[in-house]
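For reference, the chains in residue letters:
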Amino acid sequence: MLEKYLKSEVTRNRLRSGISAPYIDDFSDWLHKQGFKPVVIDHKLRYLASFSDWAKSKNIIINNIVKAVDELKEELEINGRKLHSRGPNDKSVIAAKKFIQFLQEHGVIEKPPAKLTPSEKWPIIGEFRSWASKHRGLRDTTLDLYDTTLRDFVRVLGEDPIKYTAKSVREFLIERARQHSRSRAQALGVAVRAFLRFLGVYGLCSHDLIYAVPSYSGFKAVSAPQYIEPSDLKRVEESCHTRDENGLRDRAVVLLLTRLGLRASDVANLCVKDIDWHNGRIAVLGKNRKQEWLPLPQQVGDAILQYLKNGRSKFKTERVFIKVDAPIGPLTRASVTHIVRSAFLRTGIKAPVNGAHTLRHSAATAMLRQGVTLQGVGAILRHSSPATTSIYAKVDFDLLIEVAQPWPEVVLC
């Protein structure tokens, strides 16, 4: 009920006499179920009241509310909001859009037609996704990145692969590469090469077309890993207080990143069933979709358990970590990155890269300095090739000095 979330009787009367009147009580309850806090619900309802007053003055009916919000937005951009006026503002537009979302979900007004995904618009891209997922072990996050490139590729070269030529493939990639950095150009080539390999497997085009994809100069393991020092790593861990649900969750997330070197997606996708409490281990699904078990350190396990008992909401999901702010739902990879960036900001640490992967590099570096072998580091990080782990040898400067050879022309003293 509206009275539960909005104390002002005047504002309640405004809402019950305007365009929102038949739905305002259910809308208030819906906001609560979405996970919005009482003070936030109060603010949204007040801003919606301003929109409702404006809509009433314009004689707008519920079926035209979507168009009305666009009209109000244009009006605010042109005229702005009068100072000390009770009229609508930008936050009224935001509240109205949330109200529209509620109306659409409950069938009061029609939902806008969903935009076609590349797989829906070009079925051959959908077939490639299924093949790459099943036979190559690629995850949806990787395939989503491929979609952007393949969408342009099919749009330019056409939907009939038999007409693809080495010239057209090279021209497409060279033209696109001009707009991007070397690393992005390499990523474009990877996506197109994978797509052409799929087409070649099923005889839809010549398998030799993969050799038409240009190679871009670049050397593996040229740079040293981007990491922070162990003392800073400890400060990041300690910056996550345990006074509320937000801090309990963030501490468990950060410890998984710093102690086990997990990727942001590994943490976001971690499910309750993946934790084997009896044997002290957790299951992680790698890039190749191969499940691997990692030891669960005592401190990490304690942090997760404390979060599950005292910090996790009752939102029904298999995922371990849930958003604190509304709309409530499982944590995403971007959310994990945001948690790390917030920790860097709290501690004042200037990391080389403000992301979760910095903690992965830092965890590996710390392990190596504590005497763990490169093979051991590779096992924890779940690298498929020793060459991938070898980049961390660069951080052991004492070892590098021992094995470095003198310059031939220099006579040693």
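Scroll up for the structure.
Presented here is a report on the structure given in the accompanying data block.

Cut-offs used in this document
- Residues numbered from 1 in each chain as written.
- Predicted model: local features only at pLDDT ≥ 70, side-chain atom pairs only at ≥ 80, totals over all residues.
- Heavy atoms only, no water.
- Helix = DSSP H or I, 4+ residues; strand = E, 2+ residues; numbered from the N terminus.
- Rg over C-alpha atoms; globule rule 2.2 N^0.38 Å.
- Buried < 20%, exposed > 50% of the residue type's maximum accessible area, 1.4 Å probe, protein only.
- Contact = heavy atoms within 4.5 Å.
- Lys, Arg positive; Asp, Glu negative; His and termini not counted.
- Charge placed at Lys NZ, Arg CZ, Asp CG, Glu CD.
- Axes fitted to C-alpha atoms, helices over the stretch in contact; angles between N-to-C directions.
- Parallel < 35°, antiparallel > 145°, perpendicular 65-115°, else oblique.
- Left-handed = near helix turned anticlockwise from the far one by under 90°.
- Nonpolar A, V, L, I, M, F, W, Y, C, P; charged D, E, K, R; others polar.
- Expected span 1.5 Å × (residues − 1).
- Pairing = 2+ DSSP bridges.
- Phe/Tyr/Trp six-rings, centres within 6.5 Å; stacked < 30°, edge-to-face > 60°.
- Lys NZ or Arg CZ within 6 Å of the ring centre and 35° of its normal.

### Remarks on the overall build of the chain
Okay, step 1: Along its length, the chain carries 20 helices and 3 strands.
Okay, step 2: For the chain, the C-alpha radius of gyration of 27 Å lies well beyond 22 Å, the compact-globule estimate for 413 residues.
Okay, step 3: Judged by the C-alpha coordinates and their principal axes, the chain covers about 90 × 60 × 45 Å.
Okay, step 4: Put simply, the chain has 413 residues, and 43% of those count as buried.
Okay, step 5: Partitioning the contacts of the chain with sequence separation of at least 6, the portion at a separation of at least 24 is 60%.
Okay, step 6: When the 64 positive and 44 negative side-chain charges of the chain are each reduced to one mean point, those points stand 0 Å apart.

### A few points about the packing of helix H8 (residues 123–135) against helix H9 (residues 140–157)
Okay, step 1: Relative to each other, H8 and H9 sit at 150 degrees, their axes nearing to 11 Å. It follows from the interaxial angle that H8 and H9 lie roughly antiparallel. In the crossing of H8 with H9, the sense of the turn from one axis to the other is right-handed. Along its contact with H8, which presents Ile 125, Phe 128, Arg 129, Ala 132 and Ser 133, the element H9 presents Asp 140, Leu 143, Asp 144, Tyr 146, Asp 147, Leu 150, Arg 151 and Val 154.
Okay, step 2: When the residues that make up the contact of H8 with H9 are grouped by side-chain class, the tally is 7 nonpolar, 1 polar and 5 charged.

### Details of the packing of helix H13 (residues 245–260) against helix H16 (residues 333–347)
Pairs of packed helices are described in terms of their axes, by the angle between the two and the distance that separates them.
Okay, step 1: Between H13 and H16, the shortest axis-to-axis distance is 10 Å and the interhelical angle comes to 95 degrees. Comparing their axes, H16 and H13 come out roughly perpendicular. In contact with Arg 249, Asp 250, Val 253, Val 254 and Leu 257 of H13, H16 contributes Val 336, Ile 339 and Val 340.
Okay, step 2: Counted by class, the contact of H13 with H16 contains 6 nonpolar, no polar and 2 charged residues.

### Considerations on H9
Okay, step 1: Over its 18 residues, H9 runs 24 Å from end to end, which matches the ideal 26 Å to within 8%, given 1.5 Å per residue.
Okay, step 2: What H9 keeps buried is the set Leu 143, Tyr 146, Asp 147, Thr 149, Leu 150, Asp 152, Phe 153, Val 154 and Leu 157.
Okay, step 3: Of the surrounding elements, those touching the buried residues of H9 are helix H7 (118–121), H8, helix H10 (166–177) and helix H11 (182–201).
Okay, step 4: Immediately beyond the C-terminal end of H9, within one or two residues, lies Gly 158, with a positive phi of roughly 100 degrees.

### Re the sheet that holds strand S1 (residues 275–276)
Okay, step 1: One open sheet accounts for 3 strands, arranged S1-S2-S3; its pairing is antiparallel. A strand with exactly one partner marks an edge of an open sheet, and here the two such strands are S1 and strand S3 (291–295).
Okay, step 2: When strand S2 (residues 281–285) meets S3, the two strands line up antiparallel, connected through 5 bridges. What sits directly across from Leu 285, in S3, is Gln 291.

### Things to note about unusual backbone geometry
Okay, step 1: With omega at -5 degrees, the peptide bond leading from Ala 326 into Pro 327 counts as cis.
Okay, step 2: By secondary structure assignment, the location of Pro 327 is in the loop between helix H15 (298–310) and H16.
Okay, step 3: The backbone phi angle of Asn 59 is positive, close to 55 degrees, even though this residue is not glycine.
Okay, step 4: Take Asn 59: it is sitting in the loop between helix H4 (38–57) and helix H5 (65–79).
Okay, step 5: On the basis of relative accessible area, Asn 59 is assigned to the exposed category, the value being 68%.
Okay, step 6: Here the phi dihedral of Arg 382 falls at roughly 60 degrees; this positive angle occurs in a residue that is not glycine.
Okay, step 7: Here Arg 382 lies in the loop between helix H18 (374–381) and helix H19 (386–389).

### As for the packing of aromatic side chains
Okay, step 1: In the structure shown here, the tally under the stated rule is 17 aromatic pairs.
Okay, step 2: When the centroid spacing of 6.3 Å and the interplanar angle of 35 degrees are considered together, the rings of Phe 128 and Trp 131 count as tilted. One end of the pair is Phe 128 and the other is Trp 131, both in helix H8 and 3 residues apart, which spans about a single turn.
Okay, step 3: These aromatic residues form a ring-pair network of at least three members: Phe 128, Trp 131, Tyr 146, Phe 153, Tyr 164, Phe 172, Phe 195, Phe 198 and Tyr 202.
Okay, step 4: Stacked on the ring of Trp 293, the Lys or Arg Arg 281 has its end atom at 3.9 Å from the ring centre.

None of the figures reported here should be taken as evidence of function without further support.
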